[in-house]
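# Chain and residue survey
Residues per chain are reported as follows:
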Amino acid sequence: MKKLVVLISGNGSNLQSILDACASGRINGSVAAVFSNKESAYGLTRAQQASVPGLALSPGDFPDRETFDRQLMQEIDAFEPDLVVLAGYMRILSSAFVAHYHDRLLNIHPSLLPKYPGLHTHRQALENGDKEHGTSVHFVTDELDGGPVVLQARVPIFPGDDEAEITARVQHQEHAIYPLAISWFMDGRLVMREGKAWLDGQLLPAQGYAP
């Protein structure tokens, strides 16, 4: 059975959706370990409850990002994952980390990429008067939130919505599409080749898979 490692920084709701999908067989694989850059992350409790090793590395214990990432890579590699998944991991990765897991590093970002890379995406959508918002699963490259998109989900923004309502609406979609994209990878259907995302041998368009 293929294995994945999940990186988190906080609550871990996407981690929970991945753990549940593995337990139900919707993902043909298992979570081998969960890593966090914060010891207080509730996602580590979720891992413990699922009998999955949960480990925290504090950036403050390392002199720089590169040293931290080297140690993180060493600890991840001990679990021999087929895929590394970022699920609310709030650190910018070093180029060495991205290169080490090239073609097997996925992230989910709360916007319809390439719109709103970086932080505070829901706030930006509200402030700009957008009528829709969403979330994107993408392969990770050195460009921040700029790797090829695999799958997106769109949600409406209604008059009177606040940031919390939009966040909840987007997370509901994240919990559906992230396990799906991971399952494609674990089944060998999804690959990144020459900097592009491919599903079932077909090049995916810029916005990812669209049925």
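Please read all numbers here as calculations on a predicted model, not as lab measurements. (Residues numbered from 1 in each chain as written. Predicted model: local features only at pLDDT ≥ 70, side-chain atom pairs only at ≥ 80, totals over all residues. Heavy atoms only, no water.)

A separate point is the sheet that holds strand β1 (residues 2-8). Sheet strands pair via backbone hydrogen bonds, and the direction of the pair is either parallel or antiparallel. The sheet built from seven strands is open, its strands ordered β3-β2-β1-β4-β5-β6-β7 with mixed pairing. In the strand order of this sheet, the two ends are held by β3 (54-56) and β7 (149-156), each with one partner. Pairwise comparison of adjacent strand axes, ignoring direction, gives a mean angle of 20° for this sheet. Sheet topology places strand β4 (residues 83-86) next to strand β5 (residues 105-109); three bridges connect them, and they run parallel. Pairing of Val84 across the sheet is with Leu105, part of β5. (Pairing = 2+ DSSP bridges. Helix = DSSP H or I, 4+ residues; strand = E, 2+ residues; numbered from the N terminus. Axes fitted to C-alpha atoms, helices over the stretch in contact; angles between N-to-C directions.)

Here we take up the side chain of Arg46. Considering the arrangement of structural elements, one finds Arg46 in helix α2 (residues 42-49). We note that Arg46 is buried and unpaired, the nearest opposite charge coming from Asp20 at a distance of 7.2 Å. Excluding residues within four positions of it along the chain, Arg46 makes contact with Asn11, Gly12, Ser13, Leu15, Gln16 and Leu19. (Buried < 20%, exposed > 50% of the residue type's maximum accessible area, 1.4 Å probe, protein only. Lys, Arg positive; Asp, Glu negative; His and termini not counted. Salt bridge = Lys/Arg side-chain N within 4 Å of Asp/Glu carboxyl O. Contact = heavy atoms within 4.5 Å.)

Looking now at the packing of aromatic side chains. Here the structure, examined in full by the defined rule, presents five aromatic pairs. Judged by centre distance (6.1 Å) and plane angle (75°), the ring pair of Phe35 and Phe79 falls under edge-to-face. Here Phe35, found in strand β2 (residues 29-36), pairs with Phe79, found in the loop between α3 (65-77) and β4; they are 44 residues apart in sequence, far enough to count as distant. Among the residues examined, Phe35 registers a relative accessible area of 1% and is labelled buried. An angle of 75° between the planes, with centres 5.3 Å apart, marks the rings of Trp184 and Tyr209 as edge-to-face. With Trp184 in helix α6 (residues 163-186) and Tyr209 in the segment after β10 (202-203), this pair connects stretches of sequence that are 25 residues apart. One Lys or Arg, Arg91, reaches over the ring of Phe68 and ends 4.4 Å from the middle of that ring. Over the ring of Trp198 we find Arg193; its NZ or CZ atom is 4.2 Å from the centre of that ring. (Phe/Tyr/Trp six-rings, centres within 6.5 Å; stacked < 30°, edge-to-face > 60°. Lys NZ or Arg CZ within 6 Å of the ring centre and 35° of its normal.)

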